[in-house]
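# Notes for the structure review
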Amino acid sequence: MADAPESPDRKGYWPEVIRLTLTLLAIWFLVSFGAGILLREFLDQFHIGGAPLGFWFAQNGSIYVFVALIFYYCAAMNRLEKKYRIEG
Amino acid sequence: MDWTLIWVLGTFGLYIGIALWARAGSTNDFYVAGHGVHPVVNGMATAADWMSAASFLSMAGLIAGMGYGGSVYLMGWTGGYVLLALLLAPFLREFGKFTVPDFVGDRYYSNTARLVAVVCALFVSFTYIAGQMSGVGIAFSRFLGVDFNTGIFFGMAIVFVYAVLGGMKGVTYTQVAQYVVLIFAYTVPAIFISLMITDNPIPQLGFIGNIKGEDISMLQKLDETVKGLGFESYLASTKTSFDIFCITAALMFGTAGLPHVIIRFFTVPNAADARLSAGWALVFIAILYTVAPAVGAFARHNIIESVNETTYVPAADYAAGSQRVSEAGESPSPAWFANWESTGLVAFDDKNGDGQMQIRGPAAPDGLENEVTINNDIYVLANPEIAQLPEWVIGLVVAGGLAAALSTAAGLLMVISSAISHDLCRRTFFKNMSDKTELRVARVAAAGAVIAAGFMGIYSADLAFVAQVVAFAFGLAAASLFPVILLGIFWKRMNREGAIASMLTGLIPTFAYIWHFKLGAGKTATPDQWFLGVSPEGIGFVVMILSMAVGIAVSLATKPPPQDIQDLVEDIRIPGKRRSHGIADSGMAPVD
């Protein structure tokens, strides 16, 4: 694009947002539907403290990861907006 | 004076005080709190808005009874916030209007689409609010000795004051206060019961720790105990993984599609604050949701240990009775059981006439019948007594349950009243209404909605009915609202025809399926009669996939949306000053 250096680059921004979103949703899927449901029986042979790992992901672990995912997303989006000179 | 009464009156006074302070002066104040709420404050308000009487009172008991099977609620009711933060909230905030039907109607340049969205929003919100109001009625009738209908009347009066006067602004700040009350009431007893069972003050750590003074993990011991009594294993479930998958997904996508949750993100200043606010909301929700499975497990362990095989002592003259039993060398049933018997939440039926209380599962190895029934709510309500906390803590738990019910009810009322005053009156039928008239109509609509909700609460006093219809709210939100909002943001080609087809595909089969298997002829059906083995709670997810497919197919077969709409979609994807886009904004200018 022939944009002046200070003007926002909207064309480059959106594909990067999509890539970030899909990556984070893959993790979201993995810790809940993956570890907590589909892989539970396999993971239950390992333990975190006194709890079987798959069971723990289903009742506690996935929630911690959800929180971390959203805050990571906020930080990554702020970085992207700076990079593409988009003002929030 | 009774501690419960002191807490309830004290907190109600606080809510009214906040309402008088946060009055709404314009429709912008009334619908979206002037777009000026700090993201952390909004996060806290969202947490209270989201966590209902069921989350507060019933969820721990539900999980205690279901063990691993209860995980669907934990993952389902938290995972939706990831979807909200990444896929919906910041873009809907950037869109810059007041309601969910605003988005659907303007993005799909169609008042038909707007009306279908209004129907979905009203249906979801009314099913949900009935449960909150009857929760209030029950709290009053059981703990303050007033009758059920009077209790609902008190609840209505209090919500009336802050929702009608303050609109979203009043609701926001009372929800913050309600969050503080409910989280304090939930975690204090949880810390003490965790100390009692595992010697660890942090419930989440006690959950994965050992039983106090023993070399066996709490969960392991609980699992062995329940299996020994003939219950299903605590750490596994007899449901198929596929069904658990569908229920979890329906609850997650449903959470993300619930209008009363979505509109909370319209109250913050901009898109960046909307995503940050979703993160804070989940932090505040996670505090309760990670403690709940611990409370459930501790309480189930404790209830079995302290009640099973004890000698029943009736509540009348408990002190003398228990002393007599102890002198005879037997262990008496605990005092809390006697205290809660009068509420009907716990009951003992001595089927084999031996005077001992037997707790047994359906497959008990000794063939004895279960004699003790324990309501789900008791796990939270009786916690302070079981952990031998002072009496004022018990009153606090009742105030916490009321805070949870009232805060959710208020959020739902905002959806119902704005659907009428804004979506129907201002945007569809009387397009030239002034802001001042609309504000007046909004207050009248809120007042009407409070009264309607109260009657629904009285009508649905039968709580089993309420529990059944909650499946509707999530299923319908997931199948009818989530797909059109998601595609409206991420797929420019989605058009009016596709949106209407998609919403109807979501609405009708979901409604029919849940009605048939929950309330209609299929009530007694066994899982193998369900479509693909999916329970009514999980069908919303299956229909959601179908509704997206129909929306995409119909859009591709019809004309692309006008250029104005495509420009609008481009614009809301990118934070920053939102411009006006012809037909998309001709009915109502976006607010910055």
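Residues numbered from 1 in each chain as written. Chains lettered and ligands numbered in written order. Predicted model: local features only at pLDDT ≥ 70, side-chain atom pairs only at ≥ 80, totals over all residues.

### Examining the overall build of chain A
A count of helical and extended segments in chain A gives 3 helices and 2 strands. Taken over C-alpha atoms, the radius of gyration comes to 18 Å for chain A, far larger than the 12 Å a tight globule of 88 residues would show. C-alpha extents for chain A along the principal axes are approximately 60 × 20 × 15 Å. Looking at chain A as a whole, 34% of its 88 residues qualify as buried. Look at the contacts in chain A between residues 6 or more apart in sequence, and 51% of them connect residues 24 or more apart. (Helix = DSSP H or I, 4+ residues; strand = E, 2+ residues; numbered from the N terminus. Rg over C-alpha atoms; globule rule 2.2 N^0.38 Å. Buried ≥ 20, exposed ≤ 12 C-beta atoms within 10 Å, placed from the backbone. Contact = placed C-beta atoms within 7 Å.)

### Topic: the interface of chain A and chain B
Many descriptions give the size of an interface as the accessible area lost when the pieces come together. Contact with chain A, which involves 37 residues of that partner, is made by 41 residues of chain B. Those elements that provide at least two residues to the side of chain A that touches chain B are helix H1 (10–38), strand S2 (51–52) and helix H3 (53–83) of chain A. Broken down by element, the residue count for the side of chain A that touches chain B peaks at 17 residues, all from H3 of chain A. Residues belonging to the side of chain A that touches chain B are distributed by class as follows: 24 nonpolar, 10 polar and 3 charged. (Nonpolar A, V, L, I, M, F, W, Y, C, P; charged D, E, K, R; others polar.)

### Comments concerning the packing of helix H4 (residues 53–66) of chain B against helix H18 (residues 391–429) of chain B
To describe two helices that pack against each other, one gives the angle between their axes and the distance between the axes. Residues and elements named next belong to chain B. H18 packs onto H4 with a crossing angle of 130° between their chain directions and a minimal axis gap of 6 Å. By the angle between their directions, the pair H4 and H18 is classed as oblique. Contact with H4, carried on its side by Ala 53, Ser 55, Phe 56 and Leu 57, involves Gly 400, Gly 401, Ala 404 and Ala 405 of H18 and no other residues of that element. Each residue belonging to the contact of H4 with H18 can be placed in one class, and the counts come to 5 nonpolar, 3 polar and no charged. (Axes fitted to C-alpha atoms, helices over the stretch in contact; angles between N-to-C directions. Parallel < 35°, antiparallel > 145°, perpendicular 65-115°, else oblique.)

### Overview of the confidence of the model for chain B
Residue and element names in this part refer to chain B. Overall, the prediction assigns chain B a mean pLDDT of 88, with 98% of residues at 70 or greater. When mean pLDDT is compared element by element in chain B, helix H22 (residues 539–557) scores highest at 95, while helix H20 (residues 463–490) scores lowest at 83. Predicted as a complex, the structure gets a pTM of 0.92 and an ipTM equal to 0.93. (pLDDT = per-residue confidence, 0-100.)

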